[in-house]
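Below are the chains, spelled out letter by letter.
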Amino acid sequence: MLIKTILNRVHRFKSFIYGRVHWGADAEVLEVEMVERANARARCSRCQRPSPGYDRMAQRRFEFVPLWGIKVFLLYAPRRVCCPEHGVVVEYMPWALGKRPLTQAYGWFLAGWAKRLSWKEVAQVFQASWDSVFRSVEMAVQWGRAHLELSGVTCIGIDEIAWKRGHRYLTLVYQIDSHCKRLLWIGEHRKAKTLLGFFRWFGPERSQGLAYICSDMWKPYLRVVAKKAAQAVHVLDRFHIMAHFSKAIDEVRAGEVKELKTKGYEPVLTKTRWLLLKRPENLTDKQTGKLADLLRYNLRSVRAYLLKEDFQFFWTYRSPYWAGRFLDKWCTRTMRSTLEPMKRVAKMLRNHRALLLNWFRAKGQLSSGVVEGFNTKAKLTARKSFGFRTYHGAEIALYHALGALPEPEIAHRFC
Ligand SMILES: [Zn+2]
C-alpha cells in the first residue's frame with residue numbers, strides 16, 4: 001500500500017492532494033509533497049475567499065504526525081494571492097498553523113499528549129522541541145477559548161494559588177455546576193481588580209444568572225462578588241476555612257516547639273505536625289497511637305487541635321440557626337483561650353458569620369470538594385509543567401489541564 005493511500009484515508013483536503021512521498025535528505029524522515037488540485041483556486045489565508053494568484057514563494061516544510069517513529073514532513077511552496085480586501089498575502093493552507101513549522105494535525109497530536117504527560121516528556125518521546133510542545137498547547141488553548149460555550153453557568157468557585165516563590169498569586173475561577181466542572185478563567189494577582197476582570201469577561205448578563213458563588217474570606221473577593229453578583233448566595237467554602245485553621249495550628253505548634261526546646265524539655269512535639277493537621281479518620285494506626293499519646297499533655301498545640309476538631313462539628317448542622325448558635329459558642333470559648341492564632345480565626349469567623357451560615361442555605365447544591373480538588377490539580381500542574389516561568393505559560397498550562405476546552409474533530413484523529 002502506498003503511504004499516499006494511508007494519508008488520504010486519515011487526512012484529506014478539499015483543494016490539495018498528496019504528491020510524491022520520498023525519504024528526506026538524511027533518509028531519517030519522510031517527505032510528502034503537497035500539490036494543489038487542478039481546478040481549485042488559491043484562497044486568501046485571512047478570509048479564505050478564492051483570489052487571483054500573484055506569485056509563488058520558496059518551499060516550506062510542515063511537520064506532520066510521525067509514522068512508525070519516523071518523522072513526516074509536508075512540503076509545499078505556497079502561492080501568494082492578491083485578495084481584494086487583504087492585498088497580497090500568502091494563500092490558505094488547510095494543514096498549516098499560522099506561521100508555525102507544524103501542521104495542525106501534529107499540533108493537536110502534541111497538545112493531546114501534553115494532557116497525559118508532562119511537556120518535557122512529550123518533547124522527549126516525540127523528539128520535538130520544548131517550544132513546539134508549548135506552541136501546540138498554546139494553539140489548542142487559543143482554539144478552545146475561542147470556541148467556549150458559556151451558557152448555563154450557575155455555580156462558580158473562586159480560588160487562588162501561590163505562584164513562583166514569594167507572595168505572588170493567581171486567581172482562578174471554576175465552574176462547579178454538577179453537570180459541568182472546569183476552570184473558567186485565570187487572572188494574575190488576587191486583587192479586587194483581578195476578579196473584576198473575570199466579571200468583565202463573563203459579562204453582566206451571565207453574572208446576574210449566577211446562583212451560588214464559593215470563595216475564601218479574602219476581602220477583595222468578597223467586595224467584588226457583592227458588587228457584581230449580589231443575587232448569588234455567597235458561600236465561604238469549607239476547604240478554605242479549614243485551611244485557616246491549619247495555618248493557625250502550625251503557628252501555635254511552631255511557637256511551642258521553640259519554647260519547649262529552650263526550656264530543655266524532651267521533644268514531645270517533633271514529627272507531630274501531620275497528626276495535628278489531618279482529620280483523625282485519615283491517620284494510620286501508628287499515628288493514631290501517637291496522637292493519643294500526645295493528647296495526654298496539656299500543650300497549647302493540643303488545645304488548638306481540640307478546638308479545630310471541635311469546630312468540624314459545625315459542618316454537620318442542617319439548620320443555619322443551630323449552626324449559628326454553635327458558631328457563637330465556639331467563638332466565645334476560643335476567645336477566652338490564650339491561643340492567639342486561634343483567636344484570630346475566631347474573630348475572622350465572627351466577622352463573616354452571615355456568609356458562613358450561607359453554607360447551610362446552599363447545602364446539597366454545592367459539592368464542597370470540587371474547589372479543593374481543582375486546587376490540588378492546579379498545584380500539580382504548576383509543578384509538572386515547568387514551574388510557571390511566565391504568566392502566559394502558567395495561563396496556558398492551567399487552561400489546558402483544567403479548562404475542559406472544546407476541540408475540533410481533528411484533535412481526535414491521531415491521538
Ligand atoms: Zn482576504
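The notes below deal with the structure included here. (Residues numbered from 1 in each chain as written. Predicted model: local features only at pLDDT ≥ 70, side-chain atom pairs only at ≥ 80, totals over all residues. Heavy atoms only, no water.)

### A short note on the overall build of the chain
No. 1: Each helix and strand in the chain was counted, giving 17 helices and 14 strands.
No. 2: On C-alpha atoms alone, the chain measures out to a radius of gyration of 29 Å, which is more than a quarter above the 22 Å that the 2.2 N^0.38 rule sets for 415 residues.
No. 3: Projected onto its principal axes, the C-alpha positions of the chain cover 85 × 50 × 35 Å.
No. 4: In the chain, buried positions account for 49% of the 415 residues.
No. 5: Residue pairs at least 24 apart in sequence account for 59% of intrachain contacts in the chain once pairs closer than 6 positions are excluded.
No. 6: Carbon and sulfur atoms provide 53% of the accessible area of the chain, an area that totals close to 22100 Å².
No. 7: The distance from the centre of the 71 positive side-chain charges to the centre of the 36 negative ones in the chain is 3 Å. (Helix = DSSP H or I, 4+ residues; strand = E, 2+ residues; numbered from the N terminus. Rg over C-alpha atoms; globule rule 2.2 N^0.38 Å. Buried < 20%, exposed > 50% of the residue type's maximum accessible area, 1.4 Å probe, protein only. Contact = heavy atoms within 4.5 Å. Areas by Shrake-Rupley, 256 points an atom, 1.4 Å probe, with all protein chains shown as cover. Lys, Arg positive; Asp, Glu negative; His and termini not counted. Charge placed at Lys NZ, Arg CZ, Asp CG, Glu CD.)

### Comments concerning the coordination of the zinc ion
No. 1: Coordination of the zinc ion by the protein involves C44 (SG), C47 (SG), C83 (SG) and H86 (ND1), with metal-donor separations of 2.0 to 2.3 Å.
No. 2: Around the zinc ion, the four donor atoms sit at angles spanning 103 to 115 degrees, and that spread fits a shape best called tetrahedral.
No. 3: Linear spacing of the donor residues for the zinc ion on their chain is C-x2-C-x35-C-x2-H. Here C44 is found in the loop between β2 (29–36) and β3 (53–56), whereas its partner H86 is found in the loop between β6 (79–83) and β7 (87–90), with 42 residues between them in sequence.
No. 4: Classification of C44 by relative accessible area gives buried; the value is 0%. (Donors = N, O, S within 2.8 Å, 3.2 Å for Na, K, Ca; no water. Tetrahedral: all angles 85-135°; square planar, octahedral: opposite > 155°, others 65-115°.)

### Observations regarding the nonpolar core
No. 1: By size, the foremost hydrophobic cluster in this structure holds 128 residues, and its most contacted members are W95, I241, F311, F314, W330 and L349.
No. 2: Discounting chain neighbours no more than four positions away, the residues touching I241 are M217, L236, F311, W315, L349 and L356.
No. 3: Counting residues in each nonpolar core, the second largest holds five residues, with A42, C44, C83 and V89 among its members. (Core = buried A, V, L, I, M, F, W, Y, C linked by side-chain atoms within 4.5 Å.)

### Concerning the environment of G197
No. 1: By secondary structure assignment, the location of G197 is in helix α5 (residues 192–202).
No. 2: Residues G197 and W185, 12 residues apart in the sequence, show an inter-C-alpha distance of 9.5 Å.

### Examining the sheet that holds strand β13 (residues 212–215)
No. 1: Strand order in the open sheet formed by five strands is β12-β11-β10-β13-β14, and the pairing between neighbours is mixed. Strand pairing shows two members of the sheet lacking a second neighbour, β12 (180–188) and β14 (233–236), which therefore form its edges. Within the sheet, the average angular offset between the axes of one strand and its neighbour, ignoring direction, is 20 degrees.
No. 2: Across the face of the sheet, helix α8 (residues 238–263) comes into contact with β10 (155–162), β13 and β14 while running at roughly 30 degrees to β10.
No. 3: Contacting β13 and β14, helix α14 (residues 353–361) runs over the sheet at an angle of about 100 degrees to β14. (Pairing = 2+ DSSP bridges. Axes fitted to C-alpha atoms, helices over the stretch in contact; angles between N-to-C directions.)

### Details of the pairing of β13
No. 1: Burial along β13 is two-sided: the residues Y212 and C214 and I213 and S215 are all buried.
No. 2: Inspection of the sheet shows β10 paired to β13 by three bridges, in the parallel sense. Opposite C155, over in β13, you have Y212 as the bridge partner.
No. 3: Examined bridge by bridge, β13 and β14 share four bridges and lie parallel to one another. For I213, the partnering residue across the bridge sits in β14 and is H234.

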